[in-house]
Amino acid sequence: MLESDEFLSWPVYDAERALKRSRLEPALQALTRHHAAACADYGRLLAAYGIAPDAPMTLEQLPFVPVRLFKHRLLSSVSPEQVFKTLTSSGTTGQAPSRIVLDKLTAQRQTTALARIMQNFLGPARLPMLIVDHPGVIKDRHSFSARGAGILGLSNLGRQHVYALRDDMSLDLEALRAFAERHRGQPKLAFGFTFMVWQHFAQALRAAGERVDLSGLVLIHSGGWKKLVDQAVDNATFKARLRDLLGDVRIHNFYGMVEQVGSVFVECEQGYLHAPAFADVLVRDATDWSVLPPGREGLLQVLSCLPHSYPGHSLLTEDRGVLLGEDDCPCGRRGRYFHVHGRLPRAELRGCSDTQPGLAAQA
Ligand SMILES: [Zn+2]
């Protein structure tokens, strides 16, 4: 581990706010300096907004890049020879996907960070793992879709992988039953994208009139609620249905994005998303970009120590959310905790882009 990767050794949910801030601010500011020097586009943006990368900055003053910039430009802070993987977002219809270049250092950080975070919920052992998707999703290892990359990333945390779906997306009930039988009563892990888990797993089981006892399972899922909200399925309904079908299982959603792979925000036992030691979240007013206090809904800004190969350490997302508190969640984890309320509607996004600066100036 490089000296600059010290952040990966910080206990994931232990630091109270002053300590966390004293660690995060210099680490993120070092990244701002690094990217300003290494990525010409980013350097020009800072200069255009009169931001001196060397000036001392609080978390709130750190410049942020709108996440959609990665759809329009390939922003890289490394030479082409150093790029060994490019991630692309799925991208909604009519939109270009985000392209994120990774060097070995950033990819290694992502793997380590994800493992450190998930160990807090899974324990140190690699558990037998059910993947709620089909094997084809990771076959083409050169074109890493966000979904394929997510499955591969999470797969590292498990062993004896079994796929719950066939290549035609139908439920492989035989494989599921065999997995349940082989690991009966033992801790085990499942991962899938939220919509896959709901539509092709829970709904398929229910349609078949089947229940499978997976007691002891920790189900991790991620990937946005839009399609479920359209079906009037909220988090409580999602959990209740899965427990009805699978028995005594623990379920954790996480919030993350292809532009900040690794530093994910995992839902705790209380149903709140938590910022890990090497990442943080701010909520901003969508009209004047001021930082909002807990309880006020705004746009989420996500901070992460991981991105070395692209200037993605401080991003303004297009997701609405609300900060709920800091250091005092009843689950015992320290740090900020929050809810995500969904994507800003397209019309509002367009309105936003009229006023949204290419890069926010210091508050
Ligand atoms: Zn909590």
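Please read all numbers here as calculations on a predicted model, not as lab measurements. (Residues numbered from 1 in each chain as written. Predicted model: local features only at pLDDT ≥ 70, side-chain atom pairs only at ≥ 80, totals over all residues. Heavy atoms only, no water.)

S.K.: Where do I start with the overall build of the protein in this structure?
M.R.: Summing up its helical and strand segments, the protein has 10 helices and 15 strands in all. In summary, the protein has a C-alpha radius of gyration of 20 Å against a globular reference of 21 Å for 363 residues, a match within 12%. Per-residue burial for the protein yields a buried fraction of 52% across its 363 residues. Counted over contacts in the protein with a minimum sequence separation of 6, partners at least 24 positions apart contribute 72%. As displayed, the protein has an accessible area near 15,700 Å², and 52% of this comes from carbon and sulfur atoms. (Helix = DSSP H or I, 4+ residues; strand = E, 2+ residues; numbered from the N terminus. Rg over C-alpha atoms; globule rule 2.2 N^0.38 Å. Buried < 20%, exposed > 50% of the residue type's maximum accessible area, 1.4 Å probe, protein only. Contact = heavy atoms within 4.5 Å. Areas by Shrake-Rupley, 256 points an atom, 1.4 Å probe, with all protein chains shown as cover.)

S.K.: Quick question: what am I supposed to make of the coordination of the zinc ion here?
M.R.: Octahedral metals with six donors have ideal donor angles of 90 or 180 degrees. Tetrahedral metals with four donors have an ideal donor angle of 109.5 degrees. Protein coordination of the zinc ion is provided by Cys268 (SG), His274 (NE2), Cys329 (SG) and Cys331 (SG), with donor distances spanning 2.1 to 2.3 Å. Along the chain, the residues donating to the zinc ion are arranged with the sequence spacing C-x5-H-x54-C-x1-C. Pair noted here: Cys268 is in the loop between strand S10 (265-267) and strand S11 (273-274) and Cys331 is in the loop between strand S14 (314-326) and strand S15 (336-343), with a separation of 63 residues, a long-range link. Cys268 gets classed as buried once you look at its relative accessible area, which sits at 1%. (Donors = N, O, S within 2.8 Å, 3.2 Å for Na, K, Ca; no water.)

S.K.: I tried to follow the side chain of Arg336 on my own but got confused; where do I start?
M.R.: Position of Arg336 relative to the elements: it lies in strand S15. Among the residues examined, Arg336 registers a relative accessible area of 6% and is labelled buried. If we ignore the near neighbours within four places in the chain, the residues touching Arg336 are Arg21, Glu60, Leu273, His274, Ala275, Asp280, Val281, Leu282, Leu323, Gly325 and Glu326.

S.K.: Just to check I follow, could you spell out unusual backbone geometry for this structure?
M.R.: Of all residues except glycine, most have a negative phi; of all peptide bonds, most are trans. You will see that Ala232, though not glycine, has its phi angle at about 60°, which is positive. Mapping Ala232 onto the fold places it in the loop between helix H8 (226-230) and helix H9 (235-246). A relative accessible area of 67% places Ala232 in the exposed class. Despite not being glycine, Trp289 has its phi angle at roughly 65°, a positive value. In this fold, Trp289 is placed in the loop between strand S12 (279-284) and strand S13 (297-304). We classify Trp289 as buried; its relative accessible area is 11%.

S.K.: What should I look at first to understand the pattern of salt bridges in this one?
M.R.: Where charged atoms from two side chains of opposite charge come close, those side chains can pair. Considering all chains together, one arrives at 21 salt bridges under this definition. One salt bridge in this structure joins Glu60 and Arg21, with 2.7 Å as the shortest N-O distance. Placement of Glu60 in the loop between helix H2 (40-48) and strand S1 (65-66) and of Arg21 in helix H1 (residues 17-38) is noted, with a sequence separation of 39 residues between them. On the basis of relative accessible area, Arg21 is assigned to the partly exposed category, the value being 26%. With a shortest N-O distance of 2.5 Å, Arg68 and Glu318 are connected by a salt bridge. Of the two residues, Arg68 sits in the loop between S1 and helix H3 (69-72) while Glu318 sits in strand S14, which places them 250 residues apart along the sequence. For Arg68, a relative accessible area of 23% corresponds to the partly exposed category. Within the structure, one salt-bridge network assembled from shared partners comprises Arg17, Lys20, Asp280, Glu326 and Arg336. (Salt bridge = Lys/Arg side-chain N within 4 Å of Asp/Glu carboxyl O.)

S.K.: In this structure, what is going on with the environment of Ser77? I would like to understand it.
M.R.: Assignment of secondary structure puts Ser77 in the loop between H3 and strand S2 (85-88). Each C-alpha atom of the pair Ser77 and Pro307 lies 9.5 Å from the other, and the pair is 230 residues apart in sequence. When near neighbours in sequence (up to four residues on either side) are disregarded, Ser77 contacts His34, His35, Ala38, Cys39, His308, Ser309, Tyr310 and Pro311. Polar side-chain contacts of Ser77 include one of 2.7 Å to the side chain of His35. (Polar contact = N/O pair within 3.5 Å; in protein donor to acceptor, adjacent residues only side chain to side chain.)

S.K.: Honestly, the domain arrangement of the protein in this entry has me stumped. Any pointers?
M.R.: Along its sequence, the protein is organised into domain 1 (10-82 + 273-355) and domain 2 (110-255). Its C-alpha centre places domain 1 at a distance of 29 Å from the equivalent point of domain 2. Taken together, the contact pairs 16 residues of domain 1 with 9 residues of domain 2. Our count for the domain 1 to domain 2 interface comes out at 3 residue pairs in polar contact (both at pLDDT 80 or more). Mapped by element, the contributors of at least two residues to the side of domain 1 that touches domain 2 are S13, S14 and S15. (Domains from an automatic or database assignment.)

S.K.: Explain the packing of aromatic side chains here, please?
M.R.: Between two aromatic rings, the relevant description is the distance of the centres plus the angle of the planes. On inspection of all chains with the given rule, the structure shows 12 aromatic pairs. Ring geometry for Tyr255 versus Phe265: centroids 6.0 Å apart, planes at 35°, classification tilted. Within this pair, whereas Tyr255 is found in strand S9 (residues 250-255), its partner Phe265 is found in strand S10, the two being separated by 10 residues in sequence. This pair shows no difference in class: Tyr255 is buried, exactly as Phe265 is. Above the plane of the ring of Phe195 lies Lys227, whose end atom (NZ or CZ) is 4.5 Å from the centre. (Phe/Tyr/Trp six-rings, centres within 6.5 Å; stacked < 30°, edge-to-face > 60°. Lys NZ or Arg CZ within 6 Å of the ring centre and 35° of its normal.)

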